[in-house]
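Spelled out, the chains give:
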Amino acid sequence: MPELPEVETVRRQLAAAVVGDTIVGVTVPYPKVLQTQTSAAFAKAMVGADMVAARRRAKVLLLDFSNGMTLLVHLKMTGRFLLTDRHPEQRKETEVVFLLASGRVLTFDDVRHFGWIKMRRTHEVARYLEEEGYGPEPLDPLFSADVFRSRLALHSGKRIKQALLDQTCIAGVGNIYADESLWESGIAPIRRVHRLRTADVVALHGAIRLILSRAVADGGSSANDYLDIFGRKGNFFPKLQAYGKDGTSCAKGDGGILRKRVLGGRGTHWCPVHQK
DNA sequence: ACCTAATCCTGCATGC
DNA sequence: TGCATGCAGGATTAGG
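These lines cover the structure that appears in this document, whether it is placed above or below. Worth saying up front: this structure is predicted, and the values here are computed from it rather than measured. (Residues numbered from 1 in each chain as written. Chains lettered and ligands numbered in written order. Predicted model: local features only at pLDDT ≥ 70, side-chain atom pairs only at ≥ 80, totals over all residues. Heavy atoms only, no water.)

**Section: the sheet that holds strand 7 (residues 105-110)**
Strand pairing in a sheet relies on backbone hydrogen bonds. The paired strands run either parallel or antiparallel.
Phase 1: Ordered in space as 1-6-7-5, the four strands form an open sheet in which the pairing is antiparallel. A strand with exactly one partner marks an edge of an open sheet, and here the two such strands are strand 1 (23-27) and strand 5 (79-84). Pairs of neighbouring strands in the sheet enclose a mean axial angle of 20 degrees, with direction left out of account.
Phase 2: Bridging between strand 5 and strand 7 involves six bridges; their strand directions are antiparallel. Counted as the bridge partner of Leu83 is Leu106 from strand 7.
Phase 3: In the packing of helix 2 (residues 39-46) onto the sheet, contacts are made with strand 1 and strand 6 (94-100), and the angle to strand 1 comes to roughly 170 degrees. (Pairing = 2+ DSSP bridges. Helix = DSSP H or I, 4+ residues; strand = E, 2+ residues; numbered from the N terminus. Axes fitted to C-alpha atoms, helices over the stretch in contact; angles between N-to-C directions. Contact = heavy atoms within 4.5 Å.)

**Side note on the packing of aromatic side chains**
Aromatic ring pairs are defined here through the distance separating the ring centres and the angle between the ring planes.
Phase 1: Counted according to the given criterion, the structure contains four aromatic pairs.
Phase 2: Measuring from centroid to centroid gives 6.2 Å for Tyr177 and Phe236, while their planes differ by 40 degrees, and the two rings are tilted. Here Tyr177, found in helix 6 (residues 175-185), pairs with Phe236, found in the loop between helix 7 (198-217) and strand 9 (259-263); they are 59 residues apart in sequence, far enough to count as distant.
Phase 3: When its relative accessible area of 0% is taken as the criterion, Tyr177 is described as buried. (Phe/Tyr/Trp six-rings, centres within 6.5 Å; stacked < 30°, edge-to-face > 60°. Buried < 20%, exposed > 50% of the residue type's maximum accessible area, 1.4 Å probe, protein only.)

**Things to note about the protein's contact with DNA strand B**
Phase 1: In the neighbourhood of DNA strand B, the contacting residues comprise Lys32, Lys92, Val111, Arg112, His113, Phe114, Gly157, Lys158, Arg192 and Gly264.
Phase 2: For DNA strand B, the fraction of protein-proximal atoms (within 4 Å) that sit in sugar or phosphate groups is 65%.
Phase 3: The backbone of Arg112 places a nitrogen or oxygen atom 3.3 Å from a sugar or linking oxygen of DNA strand B.
Phase 4: The contact in question runs from a phosphate oxygen of DNA strand B to an N or O atom on the side chain of Arg192, over 3.0 Å.
Phase 5: Residues of the surface near DNA strand B, tallied by class, amount to two nonpolar, three polar and five charged. (Near = heavy atom within 4 Å. Polar contact = N/O pair within 3.5 Å; in protein donor to acceptor, adjacent residues only side chain to side chain. Nonpolar A, V, L, I, M, F, W, Y, C, P; charged D, E, K, R; others polar.)

The structure is reproduced here in structure tokens:
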């Protein structure tokens, strides 16, 4: 399920491979994915537009076009862009097809139809994001432990796992990297935020940045469905130490057996020995 | 203020 | 083999 590292990987690939190309045709086999336009209006606006930038905020891709519009794309769990040299075989999960001037085809697929695409004027995107209230970008150099502490203070009564999943607290962290960061920093997911000591916050801050940057460097994790725009899996999955590791012994070497329980509706994995 | 359940949706794993 | 069940989950929302 795409989180910051997976979305960032897709962003980089689109920036390198698609920016500069021009959309020459659009079809929308699954119009419900478009949250702000009809298929006809969408196609009319996009045909002839050049992709001029691929940005990201939280888990949202921001694709800027020369027509002054930006596509905001959320992959949710199974959304994916796929870039191919020639027109792909028809797939029932394909939601949007972009024909490019280069002759290549970019599709947006989503088996579970959770993802969405919105269109906004590029100059209004900053305001849109402001209204969504996303928290700081964890890999931003300005995201210090102090900033993290002040964000957490807005969620003081929650369990730390749920604060990490709240995009208004910190942006881009999802279920996998929340569990990994808590495992790395030795904090139990059920801990209340206001019970965290400064040293805990500093450790967690460092763990989030370390793990997310490593995962970005590895092209993300393919735990279930994630594929990049070339249909390849990410390389970080084998490096996960907590997610999906329930029943196995803790890699910290403390003799703990990782457990799993549902917390806030999300499968949560942790080591009962070193995570306190 | 916080919690859980339901919702959206399909594929896959499990169990009988 | 085939059928039913449940589980996975990002984010939002309704209800407790």
